[in-house]
Amino acid sequence: MSLPTTARGWSVQAIDKDSFNGLNFQESIPLQPLGDCDVLVKIEAVSLNYRDLAIPRGRYPFPMNLPVVPGSDAAGIVLAAGSKATKFAKGDRVCTLFNELHQSNPITPEAVESGLGGAIDGTLRNYAVFTEQGLVRAPASLNAIEASTLTCAPLTAWNALYGLQSKALKTGDWVLAQGTGGVSLAGIQFAAAAGATVVATTSSNDKIDFLKDLGASHVINYREESDWGQVARDLTPGRAGFDHILEIGGPGSIAQSLKAIKLEGVITIIGFLSPSDTQPPLMDVLNHLCTVRGIFVGSRQQFEEMNRAIDSAKIHPVVDPNIFALEDLKKAYQYQWEGKHLGKVVVKDQVDAIIEAPGFYLTDDLGHLFSSPPPSTDEVAQTPRSSSSSQVSDGCSSGLDDAVACSQPSSRKMVALAPAQPRWPPSAESQLPQGSRYHKRREQNRVAQRKEQHLKELEDKVAVLEATRDRINAENARLQEDLERATEEYSLLQNLAKPSSLFDGADRSDGSCISAPSREWLASPPPTSSSEPHCLAASRPRYCGHELDAGQMWEFITGHRLFQEGLADVDSIARELRRFFPGDGMGGITEDILTHCIHESARLRQEGYRLQLTDKFRPSSI
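Because the structure is a prediction, the values reported are computed rather than measured.

What counts, and where the lines are drawn
- Residues numbered from 1 in each chain as written.
- Predicted model: local features only at pLDDT ≥ 70, side-chain atom pairs only at ≥ 80, totals over all residues.
- Heavy atoms only, no water.
- Salt bridge = Lys/Arg side-chain N within 4 Å of Asp/Glu carboxyl O.
- Helix = DSSP H or I, 4+ residues; strand = E, 2+ residues; numbered from the N terminus.
- Buried < 20%, exposed > 50% of the residue type's maximum accessible area, 1.4 Å probe, protein only.
- Arc of directions from axis to C-beta.
- 1 Å grid on protein atoms, 1.4 Å probe; cavity = no way out; pocket = protein on both sides within 12 Å on 5 of 7 lines; lining within 4 Å.
- Points joined across faces, edges and corners; volume = space filled by probe spheres on them.
- Nonpolar A, V, L, I, M, F, W, Y, C, P; charged D, E, K, R; others polar.
- Domains from an automatic or database assignment.
- Pairing = 2+ DSSP bridges.
- Axes fitted to C-alpha atoms, helices over the stretch in contact; angles between N-to-C directions.
- Contact = heavy atoms within 4.5 Å.
- Polar contact = N/O pair within 3.5 Å; in protein donor to acceptor, adjacent residues only side chain to side chain.
- pLDDT = per-residue confidence, 0-100.
- Patch = residues over 30% accessible without salt bridge, like charges linked within 9 Å, V, L, I, M, F, W, Y side chains within 5 Å.
- Areas by Shrake-Rupley, 256 points an atom, 1.4 Å probe, with all protein chains shown as cover.
- Phe/Tyr/Trp six-rings, centres within 6.5 Å; stacked < 30°, edge-to-face > 60°.
- Core = buried A, V, L, I, M, F, W, Y, C linked by side-chain atoms within 4.5 Å.

A. Representation of the pattern of salt bridges within the structure. Applying the stated criterion across every chain yields a total of 19 salt bridges. With its nearest N and O atoms 2.1 Å apart, the salt bridge here joins Glu327 to Arg8. Pair noted here: Glu327 is in the loop between β14 (319-325) and α11 (329-337) and Arg8 is in strand β1 (residues 6-12), with a separation of 319 residues, a long-range link. In this structure Glu327 comes out as partly exposed when scored by relative accessible area, which is 32%. Notably, a salt bridge pairs Arg239 with Asp234, separated by 3.8 Å at the nearest N-O pair.

B. Structural view of helix α15 (residues 550-559). Along α15, the residues classified as buried are Met553, Trp554, Ile557 and Thr558. The arc that holds the buried residues of α15, viewed along the axis, is 120 degrees, so those residues lie on one side.

C. Here's a closer look at empty space enclosed by the protein. Within the structure shown, the criterion is met by eight cavities of 30 Å³ or more. In this structure, the largest cavity encloses a volume near 110 Å³. Mapped by element, the contributors of at least two residues to the lining of the largest cavity are α4 (153-162) and α5 (182-193). For the lining of the largest cavity, the element with the most residues is α5, which contributes five residues. Tallied by class, residues from the lining of the largest cavity come to ten nonpolar, three polar and one charged. Each of domain 1 (6-151 + 316-348) and domain 2 (163-296) accounts for three or more of the residues forming the lining of the largest cavity.

D. Spotlight on the sheet that holds strand β9 (residues 197-202). Taken in spatial order, the six strands make up an open sheet running β10-β9-β8-β11-β12-β13, and their pairing is parallel. Two strands in the sheet have a free side with no partner beyond their single neighbour: β10 (218-221) and β13 (291-294). Strand-to-strand, the axes of this sheet are offset by a mean angle of 15 degrees, without reference to chain direction. Here β9 pairs with β10 via four bridges, running parallel. Paired with Val199 across the strands is His218, a residue of β10. This element, α4, spans β8 (174-178), β11 (242-247), β12 (261-269) and β13 of the sheet and lies at about 150 degrees to β11.

E. Summary view of the side chain of Arg300. With respect to the element layout, Arg300 can be found in helix α10 (residues 300-313). In this structure Arg300 comes out as buried when scored by relative accessible area, which is 8%. A distance of 3.0 Å separates a polar side-chain atom of Arg300 from the backbone oxygen of Leu135. The contacts of Arg300, once residues within four sequence positions are left out, are Lys87, Phe88, Leu97, His102, Gln103, Glu132, Gln133, Leu135 and Val136.

F. The confidence of the model for the chain, seen in detail. For the chain, the average pLDDT comes to 77, and 70% of its residues sit at 70 or higher. Note that residues 353-439 has pLDDT below 50 and, in this model, 162 contacts with residues that lie over four places away or in other chains. The model gives residues 499-543 a pLDDT under 50, and that stretch makes 73 contacts with residues more than four places away or in other chains.

G. Broad picture of α4. For α4, the tally of buried residues reaches nine of ten residues, placing the bulk of the element in the interior. Of all the residues in α4, the buried ones are Ala153, Pro154, Leu155, Thr156, Ala157, Trp158, Asn159, Ala160 and Leu161.

H. Layout of a nonpolar patch on the surface. On the surface, a cluster of nonpolar side chains totalling about 420 Å² of accessible area is made up of Leu263, Met283, Leu286 and Leu289. Note on placement: Leu286 falls in helix α9 (residues 284-288).

I. Summary view of the environment of Ala111. Its location among the elements puts Ala111 in helix α2 (residues 109-112). Setting aside residues up to four positions removed in sequence, Ala111 forms contacts with Asn99, Leu101 and His102.

J. Examining the packing of aromatic side chains more closely. One pass over the structure, following the stated rule, counts eleven aromatic pairs. Residues Tyr60 and Phe62 carry aromatic rings whose centres are separated by 5.4 Å and whose planes lie at 55 degrees to one another, so their mutual orientation is tilted. Where Trp174 meets Phe242, the ring centres are 6.2 Å apart and the plane angle is 70 degrees; that geometry is what we call edge-to-face. A residue pair is termed long-range when its members are at least 10 positions apart, and Trp174 in strand β8 and Phe242 in strand β11 qualify at 68 residues. For the pair Trp174 and Phe242, a shared accessibility class is recorded, and that class is buried.

K. Spotlight on the environment of Thr123. Relative to the helices and strands, Thr123 is located in the loop between α2 and β6 (127-131). With 48 residues separating them along the chain, Thr123 and Ala75 place their C-alpha atoms 9.1 Å apart.

L. Summary view of the nonpolar core. The biggest cluster of nonpolar side chains holds 49 residues, and the ones touching the most others in it are Phe190, Leu211, Phe303 and Met306. When residues of this core are traced back to their parent elements, those giving at least two are α4, β8, α5, β9, α6 (208-214) and α10. When residues of this core are sorted by domain, at least three fall in each of domain 1 (6-151 + 316-348) and domain 2 (163-296). Excluding anything up to four places from it in sequence, Phe303 contacts Cys95, Thr96, Leu97, Val136, Leu150, Thr151 and Leu155. Core analysis: the second largest hydrophobic core is formed by 28 residues, Leu48, Leu53, Val78 and Ala128 among them.

Given below as structure tokens:
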């Protein structure tokens, strides 16, 4: 089979500030020849961004060249690779990189000018040739439609939360996400998965439950709360503010973000959706002691990191249920321009194609939850097709794949649930009346949700209890050590205070020094007989040393090798010390005297052990 040399797709020919009439559909767009390091991709799905709408209306502030094939976000399958391309092979599933030259941070001026769909030809066509550096491997857990949404919005959210390494998102942080656009929705999912607390804003109360299902702990309607920045700040612990704010509105909302930000927090400016004639002065950043950071999507390295996290955490992007045909791109643009979407708007070359991956969750007006398996070959053949996005299926009864929306799109909405596993082939359940199927699936999903929530609560409780147990165990161990130390020290001091009948008559009245082991002997013990360990040998030259107080005595004893090895004990050391000082307790004890007493304690214990052995093995009288 020969490789394609042309593609069907769209081109932005001119700027029209009032419409999308500058977009032209072309049946034959020449493909560039496949270079040594290039990859030919069959594009399966393309998702839209506000940027795509801004370019043909002349509202995009970054570099672009006309005419240009629009679109930056896409997922597809590799058809061929150049002779020197090593990253991908035929059949690999890939996603496009927004800026082809943005391989790692920091971004360079050359990378800024390599944006798909603006500076160079983009993805709104059925085939395209890309440099292998401009592609990343798609997450294995996502289908083509879901993977097509990752290039811009989720990667931008990932960069906002993790791109500044010294301020990277961590468990326990508070995150504020503005609106229900693609970046904010992805940011909510990433932050919630990382264990952060998320506060979201919206202009519609109808979206509150949806945002909470997605992971937001609190939702604020900014149309009802004009001072929503302060309202959001009041939700944070101690009203300290947010660690991260995803600033989507730009000029019209930055003042509220400054009200909500925490000291040393990060405001990441992403969008410019909300124009305003008045903006806070730049020096307000200093007043709030925060970081205000502008970003431009993310690098290839960050894309790969994000994809690993998506696979690991089983995160599924939010996709609007209305999937548009490639020929209906203008309708898709207008649909998003009018704000009718919830989640990413996706365009496909063939809307009726079967994607072998879990489908969306959609609900009808009665709240019935369903996700039908892909249609069989016969069903596909018998179903009338239309290029219109609102008539891609003849209804809900024949089983819809994840690329097909209902013929009454206004009666359905997305809910933030994990995708169901498809059943191959359709089971007997698919033959039940529609009401029964919906009811059964609704109950099954409700039970699954309750179980999942209960399991999460139990896991959280177990984690708290385990942390408490570890803390208590550590405290107990510390207290036990303190108790043992205090007991030994008390025993030493108590024994030293007792009068002794063992005083050997050492005379200190003449000021002479007490006989004690020399420092030379302590450092290098002299040879002894084989029957007596050198540590127990008696050597008592006269030596004067530094006097110790009670605390220093204790540290010296417990730090001595013989005591640590169990060869000397506190009681016998105290008895030896009382031989020197029978009347007034501890006065005048030096390191040398204490060392001598430790050695005497060890020697006496050794002799006691020998006597025990002698008694044990002495022949019994007959």
